[in-house]
Amino acid sequence: MIKTLIAMKKYIKPEMKLLIGSTILTLIFAILALFEPIATGLIIDAINKEEASRMIFIGILLIIGVTAIRTLLRYGFYIGFEQLSQRIVYGLRKDLYSKLQQLDISYFDNTPNGKIMSKMTGDVEAIRHFYAWISHVSIFHGVVFIMALVSMVVIDPLLTGTLIAIIPFILFLSLRLSKTVKPTFSRIREQFSKLNTVVQENISGNRVVKVFSREPYEIEKFQIENQAFMDRNLESAKIWETYLPLLDGFALLFNVIVLVVGAIFIMNGRMTIGELVMFNRLLWMINNPMRMIGWLINGTQNFVASYEKVSEILDQDIIIKEPKCPIVKEEIQGYVTFDNVSFTYEDLPVLKNISFEVAPGQTVALLGSTGSGKSTLISLLSRFYDVSDGQILIDHEPITRYNLQNLRSNISIAMQDIFLFSDTIEGNISYGVPGATSKKIRLASEIAGVNEFVHQLNDSFDTVIGERGMGLSGGQRQRIALARAIIEDPSILVLDDTTSAVDMETEFKILSELKKINSERTTFIIAHRISSVKDADLILVMDQGEVIERGNHQALLDKKGYYYDVFTSQMGEFDSLNQKEVG
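The rules behind these values
- Residues numbered from 1 in each chain as written.
- Predicted model: local features only at pLDDT ≥ 70, side-chain atom pairs only at ≥ 80, totals over all residues.
- Heavy atoms only, no water.
- Pairing = 2+ DSSP bridges.
- Helix = DSSP H or I, 4+ residues; strand = E, 2+ residues; numbered from the N terminus.
- Patch = residues over 30% accessible without salt bridge, like charges linked within 9 Å, V, L, I, M, F, W, Y side chains within 5 Å.
- Areas by Shrake-Rupley, 256 points an atom, 1.4 Å probe, with all protein chains shown as cover.
- Salt bridge = Lys/Arg side-chain N within 4 Å of Asp/Glu carboxyl O.
- Buried < 20%, exposed > 50% of the residue type's maximum accessible area, 1.4 Å probe, protein only.
- Arc of directions from axis to C-beta.
- Core = buried A, V, L, I, M, F, W, Y, C linked by side-chain atoms within 4.5 Å.
- Axes fitted to C-alpha atoms, helices over the stretch in contact; angles between N-to-C directions.
- Parallel < 35°, antiparallel > 145°, perpendicular 65-115°, else oblique.
- Left-handed = near helix turned anticlockwise from the far one by under 90°.
- Contact = heavy atoms within 4.5 Å.
- Nonpolar A, V, L, I, M, F, W, Y, C, P; charged D, E, K, R; others polar.
- pLDDT = per-residue confidence, 0-100.

A. Representation of the sheet that holds strand β5 (residues 397-398) within the structure. On the basis of which strands lie adjacent, the open sheet formed by four strands has the order β2-β1-β4-β5 and antiparallel pairing. On the outer flanks of this sheet lie β2 (348-358) and β5, each paired with one strand and no other. Two elements, strand β1 (residues 336-345) and strand β4 (residues 389-394), share five bridges in a ladder whose sense is antiparallel. When the bridges of β4 are listed, Asp-339 appears paired with Gln-391.

In structure tokens:
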């Protein structure tokens, strides 16, 4: 608990005035809580005295006045702690989101989206609840408990001592409860992450589910995780079932002791009726905190468990780090060198001894079967991962010496796994260049073939597309992604299987337009169609992470190896394409 509060110091420190102010209001509210039971007892004892009516009248007025003040105080510290909690989680969410932007691709490779979302929502909300409610309730009941106990000692030390003898048993049970229940909250939060992941994946992949008629399977999969989530909560509830009746029992025992012993003391003249009423009202101020202690422990342990989950993101190490003295170039020329590059991912060799050089204006094509390492090679170029051996140079400088943002801003990638935002088509195209003019957007769209379909839409470029580009065909999404890459006017352009979902006639038009703008730009093309790569200056044929053939189109045909076999198998398509070119 203390460790967690210290870790949260960064977010609490800027709000210290609000915290102190709200705490002071809570303390005053708690102190004034003593007035009503003491005043009530004094009024009862004053009934048989002279001027009783006047004293009762003044006492009632004071009780009403104090109650009004306490109402205002309650409103003040409720608002104060709510503002405090919102400001704390605002800063926490901001840091969480910023850290997510800095984390490596490998983190997202190994962490389900649902798990991240549960930390950003459920765990952060548990932290907010602690500062909005648990904190001031704990302060109030703690202060009230101490003051009421002191007041009761003043009224009758013997009766108070009898009650104090029971308190260690309650504290012992409370500590046991705290220790036992804490692991269950961690398991609840973990299972909630798994449940969230199943829901998130199902929603994202709902079309796949329906295509394969797997709704019953998905319902069963959800039910398994849902059942496990319920079991984790019931596991926690069983612990409460064991301890809560005991805690409540000891708290209620206080009432029995006070009534029995107090009656004996009144008959013996040791205590007045007013003092017994006062003592009984003060007893509530001890009783209630002890009955609340279980719920406060519950909320506190949930807070600690939630922060531990959140800190997994905040404390996550960043592998791809900025160099100490980074190189920053306004514009990279585009010389690219792979010098004996090897890459191992989680002990699995992915690339082995890759070497080649590219000059500005040249096009390199990567051809090979799925899983041969083509996309990984491009990921290394952008430093999404670092090489295991060898080095990659851009403009004759190792890429590990470049400022990361500067490096990546000069490399534009039309990715194989296309992601489009829930925004307009124009907004998606200009995503990397927010200030792009309409003329520049239209030009990039013309080159990428977006203009061929965008004007058929009701709102043209202002058409809002669904999440991940739902509502558009695969080819249309590819063309928007290509336009988004082109508009950045990068020194190095990467096309990762960018035209696989368009017909060959459209592909031919797009590649022809790209030739016109790539005279000084280094271009990498990853493709399965030889029609996409045959005009490249250098073609690298990859298999199982190695370059097994290299050369231009004609040289590779002359070798009659892997490339020749692929060309022969696709010959029918090329004949069709050539007839269109002649036509």
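B. Region of the structure containing a nonpolar patch on the surface. A cluster of nonpolar side chains, contributed by Phe-57, Ile-58, Ile-60, Leu-61, Leu-62 and Ile-64, occupies part of the molecular surface with about 560 Å² of accessible area. With respect to the helices and strands, the residue Ile-58 is situated in helix α5 (residues 52-102).

C. Expanded view of helix α22 (residues 562-569). Taken as a whole, α22 has its buried residues at Tyr-563, Val-566 and Phe-567. Angular distribution of buried residues about the axis of α22 spans 100°; they occupy a single face of the element.

D. Summary view of the pairing of strand β3 (residues 363-368). Of all six residues in β3, six are buried, a share of seventy percent or more. The alternating pattern of β3 places Thr-363, Ala-365 and Leu-367 on one face and Val-364, Leu-366 and Gly-368 on the opposite face, and all of these are buried. The pairing of β3 with strand β8 (residues 522-527) spans five bridges and is parallel. In the sheet register, Ala-365 faces β8, and the bridge partner there is Ile-525.

E. Structural detail: the pattern of salt bridges. Tallying each qualifying case throughout the model produces 19 salt bridges. Where Arg-128 meets Glu-82, a salt bridge forms, and the shortest distance between an N and an O atom there is 3.1 Å. Of this pair, Arg-128 sits in helix α7 (residues 113-155) while Glu-82 sits in helix α5, and the two are 46 residues apart along the sequence. Exposure remark for Arg-128: the relative accessible area of 14% places this residue in the buried category. In this structure, Glu-190 and Lys-309 form a salt bridge, with 2.6 Å as the shortest nitrogen-oxygen distance. Remark: Lys-309 occurs in helix α12 (residues 273-314) and Glu-190 occurs in helix α9 (residues 167-204); sequence separation between them is 119 residues.

F. Main features of the pairing of β8. The element β8 is largely enclosed, with a buried count of six among its six residues. Because side chains alternate across β8, one face comprises the buried residues Thr-522, Phe-524 and Ile-526, and the other comprises Thr-523, Ile-525 and Ala-527, equally buried. When strand β7 (residues 492-496) meets β8, the two strands line up parallel, connected through five bridges. Bridging from a neighbouring strand, Asp-496 pairs with Ile-526 of β8.

G. Layout of the nonpolar core. Core analysis: the largest hydrophobic core is formed by 73 residues, its most contacted members being Met-8, Ile-127 and Phe-254. Every element with two or more residues in this core is listed here: α2 (9-12), α3 (16-32), α5, α7, α8 (157-164), α9, α11 (215-267) and α12. Formed by 42 residues, the second largest nonpolar core is a distinct cluster that contains Ala-365, Ala-414, Ile-441 and Ile-510.

H. Seen up close, the packing of helix α16 (residues 438-448) against helix α18 (residues 474-486). Where α16 contacts α18, the two axes come as close as 8 Å, and the packing angle between them is 130°. Taken together, the axes of α16 and α18 lie oblique to each other. As α16 packs across α18, the resulting crossing turns out to be right-handed. Here Ala-444, Ser-445, Ile-447 and Ala-448 of α16 come into contact with α18, specifically with Arg-479, Leu-482, Ala-483 and Ile-486. Taken together, the residues of the contact of α16 with α18 break down into six nonpolar, one polar and one charged.

I. Up close: the confidence of the model for the protein. Looking at the protein as a whole, its pLDDT mean stands at 84, while 93% of the residues score no less than 70. At the low end of the mean pLDDT range in the protein sits helix α23 (residues 571-582), at 48; at the high end sits β4, at 94. Throughout residues 573-577 the model reports pLDDT below 50, and contacts reaching past four residues in sequence, or to other chains, amount to seven contacts.

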